[in-house]
Amino acid sequence: MRVESLSVGYKKAILENLSFEFSNGLTCLTGPNGSGKSTLLKTMAGLLKPISGSIFVFGKDFSTISAKELAKLIAFVPSRFPADASISVFDFAALGRIPHTNAFGKLEQHDIEQTNLAMEQAEITDFAKRRVNSLSDGEKQRVALARALAQDTKILLMDEPTAFLYYNNRIKLFEFLTQKKDRICLISTHELDLAKRFADKVLDIEPFALLFQKARKKV
């Protein structure tokens, strides 16, 4: 995933003229509140239009990719969970399969299996039948992760995914993301100690600079 001369924001740019490229592995965005981390992730997820510049996914310009095709490439986990989600945990996780289903959104056996696998990975299988709005904030965060994993994309963007998790579950999440070497995992976080411990790259958003990068052996 690559951005060129990218400026993001709403009516006014928050971050300007960014150019960088992300490869497989875990990259953490750090920086103070209000520095533009969430806005950048939403723009890279296709939820906000760039003020200027370009975003490329596997060599394709965002502007040439349909919303459905983009949803097969990029999954996004927001920092805030929908407060009125009253459906079951399984049904919410299965929403990640929508880009892969037909016009009627019917789940085939493969979609059910993919959803169950995602729930196992997010460790939420035990409360699959519970209503989402009955869960704690930490449990909701894991449900949101399951939906993104069920989407089965090569790019996973997450905004403050550890915000409502206990410390041991924060470590588990970082450990889990480091295992996803076959995809791009980009998360915003204030957990600088865990980011430096687990991430392949740590980038500070203000100013945008490389703080840390693990050495990679050439194959």
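Provided above is the structure to which this section pertains.
Residues numbered from 1 in each chain as written. Predicted model: local features only at pLDDT ≥ 70, side-chain atom pairs only at ≥ 80, totals over all residues. Heavy atoms only, no water.

Undergrad: Describe the pattern of salt bridges, and please don't skip the residues or the numbers.
TA: Counted according to the given criterion, the structure contains nine salt bridges. We note a salt bridge from D111 to R97, for which the minimum N-O separation is 3.0 Å. In this pair, D111 is assigned in helix α4 (residues 109–121) and R97 in the loop between α3 (89–94) and α4, connecting sequence segments 14 residues apart. Linked by salt bridges that have partners in common, K154, D182 and R183 make up one network. (Salt bridge = Lys/Arg side-chain N within 4 Å of Asp/Glu carboxyl O. Helix = DSSP H or I, 4+ residues; strand = E, 2+ residues; numbered from the N terminus.)

Undergrad: Account for the nonpolar core, with residues named and values stated.
TA: Generally speaking, nonpolar side chains in soluble globular proteins are found buried as a group. If you look at the biggest cluster of nonpolar residues, it comprises 41 residues, and the most contacted ones within it are L26, V89, M119, I124, V143, L156 and L177. Considering each element in turn, this core owes the most residues, seven residues, to helix α5 (residues 137–151). Leave out the neighbours within four places in its chain, and M119 touches V89, F90, A93, I124, T125, A128 and A146. In this structure, F20, A45, I184 and L203 belong to the second largest nonpolar core, which totals 26 residues. (Core = buried A, V, L, I, M, F, W, Y, C linked by side-chain atoms within 4.5 Å. Buried < 20%, exposed > 50% of the residue type's maximum accessible area, 1.4 Å probe, protein only. Contact = heavy atoms within 4.5 Å.)

Undergrad: Now, about the sheet that holds strand β1 (residues 2–9): what can you tell me, with residues and values included?
TA: Ordered in space as β2-β1-β4-β5, the four strands form an open sheet in which the pairing is antiparallel. Strands at the two margins of the open sheet, each flanked by one partner only, are β2 (13–21) and β5 (60–61). The sheet contact formed by β1 and strand β4 (residues 52–57) spans four bridges and is antiparallel. Note that in β4 the partner of E4 across the bridge is S54. (Pairing = 2+ DSSP bridges.)

That is the geometry; function is a separate question.
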